[in-house]
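A look at the structure
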Amino acid sequence: MSNPQVGIIMGSQSDLPVMSEAAEILEELGIEVEVTIVSAHRTPHRMLEYAENAADRGLKVIVAGAGGAAHLPGMVASLTTLPVIGVPVKSRNSIDGWDSVLSILQMPGGIPVATVALDGAKNAGILAAEIIGAFVPEVSKKLTDYKRSLKEKVLESAQSLETRGWKSKKIGF
């Protein structure tokens, strides 16, 4: 039986290519997710029900992506005490994504939304995992391994420069 810990929601189907990156990294880290479309403007009652019942369904974190006016993350945060991570999505009717970034970033006092970079759903997934990992040692261990693999990729890239005959500064890390 499924027991999702992170809810991934987005304002429309067009946000899925960006938001799928959050689901993929969370699944890679062994965290179950639920993914759905919840529009703050077109389905406000669905959004209300989703946010108000998220904790009762066992969710620990909500990752909410939206483009344009990007009200979804903030509206959801106003309806739940769960941490909400906002992902500004550069949509086709966007002002270079700045409208989404500022809409999610500039929340009023008392209604926090953690905000990642434009189209930064992967980092939103990692942040959600870090929140869960603060209380679940197995998740923390997977995050440590993941971050170690990032370090190893950088070191391998640096070494590959040397195989091309370029000198690379040796640093003792």
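Here, every reference points to the structure presented above.
What you see is a predicted model; the values in this text were computed from it and never measured.

Here we look at the packing of aromatic side chains
- Tallied over the entire structure, the rule returns zero aromatic pairs.
- A cation sits over an aromatic face here: Arg57 above Tyr50, 4.6 Å from the ring centre.

So, the nonpolar core
- If you look at the biggest cluster of nonpolar residues, it comprises 27 residues, and the most contacted ones within it are Val6, Ile8, Met19, Leu26, Val63 and Val87.
- Among the secondary structure elements, those contributing two or more residues to this core are strand 1 (6–10), helix 1 (16–28), strand 3 (61–67), strand 4 (84–89), helix 5 (121–133) and helix 6 (137–163).
- Setting aside anything within four residues of it in sequence, one finds Met19 in contact with Ile8, Ile9, Met10, Val63, Ala64, Gly65, Val87, Val89 and Ala121.
- In this structure, Ala54, Ile62, Ala64 and Val113 belong to the second largest nonpolar core, which totals 19 residues.

Here we look at the side chain of Ser91
- Checked against the element boundaries, Ser91 lands in the loop between strand 4 and helix 4 (98–105).
- In this structure the side chain of Ser91 is engaged in a polar contact, spanning 3.4 Å, whose partner is the backbone nitrogen of Gly68.
- Side-chain polar atoms of Ser91 contact the side chain of Asn93, separated by 2.8 Å.
- Setting aside anything within four residues of it in sequence, one finds Ser91 in contact with Gly67 and Gly68.

Quick notes on the environment of Ala70
- For Ala70, the position within the fold is in the loop between strand 3 and helix 3 (72–77).
- When the C-alpha atoms of Ala70 and Leu59 are compared, they prove to be 22 Å apart, with 11 residues separating the residues in sequence.

Some words on a nonpolar patch on the surface
- A cluster of nonpolar residues, Trp98, Leu102 and Leu105, forms a patch on the protein surface that exposes about 340 Å² of accessible area.
- Summarising the element assignment, Leu102 is placed in helix 4.
- We classify Leu102 as partly exposed; its relative accessible area is 42%.

Overview of the packing of helix 5 against helix 6
- In contact at an axis separation of 8 Å, helix 5 and helix 6 are set at 140° when each is read in the N-to-C sense. It follows from the interaxial angle that helix 5 and helix 6 lie oblique. The crossing of helix 5 and helix 6 is left-handed. Counting all contacts with helix 5, which are made through Lys122, Ile126, Ala129, Glu130, Ile132 and Gly133, the residues of helix 6 involved are Val139, Ser140, Leu143, Tyr146 and Lys147.
- For the contact of helix 5 with helix 6, the class distribution of residues is six nonpolar, two polar and three charged.

Some remarks on the layout of surface pockets
- Quantified by volume, the largest pocket comes out at close to 430 Å³.
- Along the walls of the largest pocket sit 21 residues, with Ser12, Asp15, Arg42, Gly67 and Ser91 positioned nearest its centre.
- A per-class count over the lining of the largest pocket returns seven nonpolar, 10 polar and four charged.

A look at the side chain of Ser12
- Of note, Ser12 is situated in the loop between strand 1 and helix 1.
- At a separation of 2.8 Å, a polar atom in the side chain of Ser12 contacts the side chain of Ser14.
- Excluding residues that lie within four positions of it along the chain, Ser12 makes contacts with Ile37 and Arg42.

Some thoughts on helix 1
- Between its terminal C-alpha atoms helix 1 stretches 18 Å, which fits the 18 Å expected from 13 residues at 1.5 Å a residue.
- What helix 1 keeps buried is the set Val18, Met19, Ala22, Ala23, Ile25 and Leu26. Seen along its axis, helix 1 keeps its buried residues to an arc of 165°; they face one direction. Exposed side of helix 1, more than 90 degrees from the buried face: Pro17, Glu27 and Glu28 are the residues found there.
- Where the residues of helix 1 are buried, they touch strand 1, strand 2 (33–37), strand 3, strand 4, helix 5 and helix 6.
- Of the residues trailing helix 1, Gly30 is marked for its positive phi of about 80°.

Definitions and cut-offs
- Throughout this document, residue positions are counted from 1 along each chain, in the order its sequence is written.
- Confidence filtering applies because this is a predicted model: local features only for residues at pLDDT of at least 70, side-chain atom pairs given and counted only at 80 or more, and all residues used for totals across whole chains, interfaces and linings.
- Only hydrogens and water are removed before side-chain values are computed, so all heavy atoms of the structure are retained for them.
- Working definition: rings of Phe, Tyr and Trp (its six-membered ring) pair if their centres are within 6.5 Å, and the pair is stacked with planes under 30 degrees apart, edge-to-face with planes over 60 apart, and tilted otherwise.
- Both a distance and an angle decide whether a charge sits over a ring: NZ of Lys or CZ of Arg must be within 6 Å of the ring centre and within 35 degrees of the ring normal.
- Residues belong to one nonpolar core when they are buried, are Ala, Val, Leu, Ile, Met, Phe, Trp, Tyr or Cys, and are joined through side-chain atoms within 4.5 Å.
- Note on classification: 1.4 Å probe, protein chains only; a residue is buried when its accessible area is under 20% of the maximum for its type, exposed when over 50%, partly exposed between these limits.
- The helix count covers DSSP runs of H or I at least four residues long, the strand count covers runs of E at least two residues long, and both are numbered beginning at the N terminus.
- Residue contacts follow a heavy-atom distance rule, with two residues in contact if any of their heavy atoms lie within 4.5 Å.
- For this analysis, a polar contact is any N or O atom pair within 3.5 Å, provided that within protein one partner can donate a hydrogen and the other can accept it, and provided that sequence-adjacent residues contribute only side-chain to side-chain pairs.
- Here, patches come from residues exposed beyond 30% relative accessible area and free of salt bridges, joined within 9 Å for like charges and within 5 Å for nonpolar side chains (Val, Leu, Ile, Met, Phe, Trp, Tyr).
- Where accessible areas are quoted, they stem from the Shrake-Rupley method and a 1.4 Å probe; at the residue level, only the protein chains shown are allowed to cover.
- By definition here, a salt bridge exists when the distance from a side-chain nitrogen of Lys or Arg to a carboxyl oxygen of Asp or Glu is within 4 Å.
- Helix axes are fitted to C-alpha atoms over the stretch in contact, other axes to C-alpha atoms as well, and angles between N-to-C directions run from 0 to 180 degrees.
- Should an angle lie under 35 degrees it is considered roughly parallel, over 145 roughly antiparallel, and from 65 to 115 roughly perpendicular; all remaining angles are considered oblique.
- Should the near helix be turned anticlockwise from the far one by less than a right angle, the crossing is left-handed, and should it be turned clockwise, the crossing is right-handed.
- Amino acids are sorted into nonpolar (Ala, Val, Leu, Ile, Met, Phe, Trp, Tyr, Cys and Pro), charged (Asp, Glu, Lys and Arg) and polar (every other residue, Gly among them).
- Each cavity reported here is a set of points on a 1 Å grid over the protein atoms alone in which a 1.4 Å probe fits but cannot get out, each pocket an open set with protein on both sides within 12 Å along at least five of seven lines, and each lining residue one with an atom within 4 Å of a point.
- Grid points are joined across faces, edges and corners, and a volume is the space filled by probe spheres set on the points.
- Multiply 1.5 Å by the residue count of a helix minus one, and that product is the helix's expected span.
- The arc refers to the directions leading from the helix axis to the C-beta atoms.

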